[in-house]
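One letter stands for each residue in the lines below.
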Amino acid sequence: MLDAVPAGILLDRLQVDPLVKALRERERVTTQRGVLRIEGHCTDALVLNQWMEHLKKIAGLRDVRLVAYAADATNARPSFQLDIDA
């Protein structure tokens, strides 16, 4: 799945079963089971959209959602966050 990331997309972070909320003392850890969270930067929103469409066609992945997309003041490339239900 991540072995064919298109040129123009730079992956910064991958989380498996990310937390639902911040950790707090004396509370159970709650995660989003079966979810992969990918954070990165892209040079072009069209390339990101095409990659998301490609991911949606991969067997075993139920959903691909763009959670966040924003211009990054420190970098010329917008940042993004995807959630993938596996």
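My aim in this report is to walk through the structure given alongside it, one point at a time. Residue positions are given per chain, counting from 1 as you read along its sequence in written order. A pLDDT threshold of at least 70 governs which residues receive local features in this predicted model, and a stricter bar of 80 or more applies before side-chain atom pairs are shown or counted, although totals over entire chains, interfaces and linings include all residues. Derived side-chain values reflect all non-hydrogen atoms in the structure, with water molecules and hydrogen atoms excluded from consideration.

At least two DSSP bridges between two strands are needed for those strands to be called paired. Here a helix means four or more residues in a row that DSSP labels H or I, a strand means two or more in a row labelled E, and each is numbered from the N terminus. With respect to topology, four strands assemble into an open sheet ordered 1-2-4-3, the strand pairing being antiparallel. The sheet is open, and its two edges are formed by strand 1 (9–16) and strand 3 (63–70), each paired on a single side. Going from strand to strand, the sheet's axes swing by 20° on average, the running direction of each strand aside. When strand 2 (residues 35–42) meets strand 4 (residues 79–85), the two strands line up antiparallel, connected through seven bridges. Bridge assignment links Gly40 to a residue of strand 4, and that residue is Phe80. Helix axes use the C-alpha atoms of the stretch in contact, all axes being lines fitted to C-alpha atoms, and the angles between their N-to-C directions lie in the range 0 to 180 degrees.

Time to look at the nonpolar core. What is meant by a nonpolar core is a set of buried Ala, Val, Leu, Ile, Met, Phe, Trp, Tyr and Cys residues, joined one to another through side-chain atoms within 4.5 Å. A 1.4 Å probe rolled over the protein chains alone gives each residue an accessible area, and that area as a share of the maximum for its type sets the label: buried under 20%, exposed over 50%, partly exposed in between. Among the nonpolar cores identified, the biggest contains 14 residues, and Ile9, Leu48, Trp51, Phe80, Leu82 and Ile84 are the most heavily contacted of them. Counting only elements with at least two residues in this core, the list comes to strand 2, helix 1 (45–56) and strand 4.

What follows is about the pattern of salt bridges. For this analysis, a salt bridge means a side-chain nitrogen from Lys or Arg found within 4 Å of a carboxyl oxygen belonging to Asp or Glu. Counting across every chain of the model gives eight salt bridges. Taking the shortest distance from any N to any O, the salt bridge between Arg37 and Asp83 comes out at 2.8 Å. Of this pair, Arg37 sits in strand 2 while Asp83 sits in strand 4, and the two are 46 residues apart along the sequence. Both residues of the pair, Arg37 and Asp83, count as buried. Between Glu53 and Lys56 there is a salt bridge; the shortest N-O distance is 3.4 Å. Here Glu53 pairs with Lys56, and both are found in helix 1, just three residues apart, close to one helical turn. For Glu53, a relative accessible area of 35% gives the class partly exposed.

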